[in-house]
Structures are given as structure tokens and as C-alpha cells.
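# Secondary and tertiary structure notes
The primary structure of each chain is shown beneath.
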Amino acid sequence: MGSEETEAAYRAIFDATSDGLVINDPDTGLVLEANPAFCRMHGWDAMVGLHPAAFIHPASFALFEQYVDTVKQGGEFRRRAQDLRKDGSVFDVEVYGRGFTYKGKPALLGVVRD
């Protein structure tokens, strides 16, 4: 497969999976990509450009900072946390995160299950 075919195949998997997938910038925390399952789970149509404070419960926000630190040190992160829907309602999630390269730059890949 060429790189365009490979990217299209990855995009299809990213969009089709039932787990919420979110890619964050490790420096700003901003959402670089979020799959449809992640957006549905949080009640948004699209989430690119959002800061995690928009969808992580304040009581769990320190965990996001731990996630970033753990991944920057090459580790894997797994925790239970609370997220927020766009309407402000709270729900429990399980987060698994690790680092990977996205468009040639370091990024955070989070897998979120509610």
C-alpha cells in the first residue's frame, strides 16, 4: 500500500471503532483529532481545537496532567476518570493513553471507554 492508501485505511479504522479515540498535542493539550465515537460520547459534533478543560471534569483534570507527564516520559497511562458532556452532565470513563507520532510530531493517543 502507498502512504495515501495506508492513511485512508487508518482513517477508516479511526472513524469506525466504537472506542473513543482522541489525539492531543502534548504541549498545549489541544485536541488534534477526535473520532466520531469520542465526539458522540461527549455530546459534540466535532472536538478538534478544544482544550481538555472543555470535556474533562475539574476533579479529574489533574489526571490529564499526569497523563501528559507519563507519556512524555515514554510510559503508558491507564486510569478511571470523569468526563463532561457538552450539556455539563458528568460520566465515568476509563482512559488508556500512550505517545505516538502524528503527522511527524509527538502526540498523545487516548482510548476512552465510558
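Summarised in this report is the structure supplied together with it. This structure is a prediction, so every number in the text was calculated from the model and none was measured.

Bringing the pairing of strand β1 (residues 20-24) into the picture now. Counting buried positions along β1 gives five out of five residues, so the element sits mostly inside the fold. Across the two faces of β1 the burial is the same, with Gly20, Val22 and Asn24 and Leu21 and Ile23 all buried. The pairing of β1 with strand β5 (residues 105-113) spans five bridges and is antiparallel. Residue pairing across strands places Ile23 opposite Leu109, the latter belonging to β5. The sheet contact formed by β1 and strand β2 (residues 31-34) spans three bridges and is antiparallel. When the sheet's bridge partners are listed, Val22 is paired in β2 with Ala34.

Below, the discussion takes up the pattern of salt bridges. As a working rule, side chains carrying opposite charge can pair if their charged atoms are close by. Counted according to the given criterion, the structure contains six salt bridges. Where Arg11 meets Asp15, a salt bridge forms, and the shortest distance between an N and an O atom there is 3.3 Å. Pair noted here: Arg11 and Asp15 are both in helix α1 (residues 3-16), with a separation of four residues, about one helical turn. On the accessibility criterion, Arg11 (34% relative accessible area) is partly exposed.

Our next topic: helix α3 (residues 61-72). Taking 1.5 Å of rise per residue, twelve residues should cover 16 Å, and α3 covers 17 Å from first to last C-alpha, within 8% of that figure. Of all the positions in α3, only Phe61, Phe64, Tyr67, Val68 and Val71 are classed as buried. Looking down the long axis of α3, one finds its buried residues gathered within 95° of arc, a one-sided arrangement. Backbone geometry just downstream of α3 places Gly74 in the positive-phi region, at approximately 90°.

Taken as a whole, the largest pocket holds about 440 Å³ of empty space. Lining the largest pocket are 14 residues, and of these Tyr10, Arg11, Phe14, Ile23 and Tyr102 sit closest to its centre. Every element with two or more residues in the lining of the largest pocket is listed here: α1, β1, β4 (90-102) and β5. Here the lining of the largest pocket takes five residues from α1, the largest share from any one element. Its residues assigned to classes, the lining of the largest pocket shows nine nonpolar, one polar and four charged.

Definitions and limits used
- Residues numbered from 1 in each chain as written.
- Predicted model: local features only at pLDDT ≥ 70, side-chain atom pairs only at ≥ 80, totals over all residues.
- Heavy atoms only, no water.
- Buried < 20%, exposed > 50% of the residue type's maximum accessible area, 1.4 Å probe, protein only.
- Helix = DSSP H or I, 4+ residues; strand = E, 2+ residues; numbered from the N terminus.
- Pairing = 2+ DSSP bridges.
- Salt bridge = Lys/Arg side-chain N within 4 Å of Asp/Glu carboxyl O.
- Expected span 1.5 Å × (residues − 1).
- Arc of directions from axis to C-beta.
- 1 Å grid on protein atoms, 1.4 Å probe; cavity = no way out; pocket = protein on both sides within 12 Å on 5 of 7 lines; lining within 4 Å.
- Points joined across faces, edges and corners; volume = space filled by probe spheres on them.
- Nonpolar A, V, L, I, M, F, W, Y, C, P; charged D, E, K, R; others polar.

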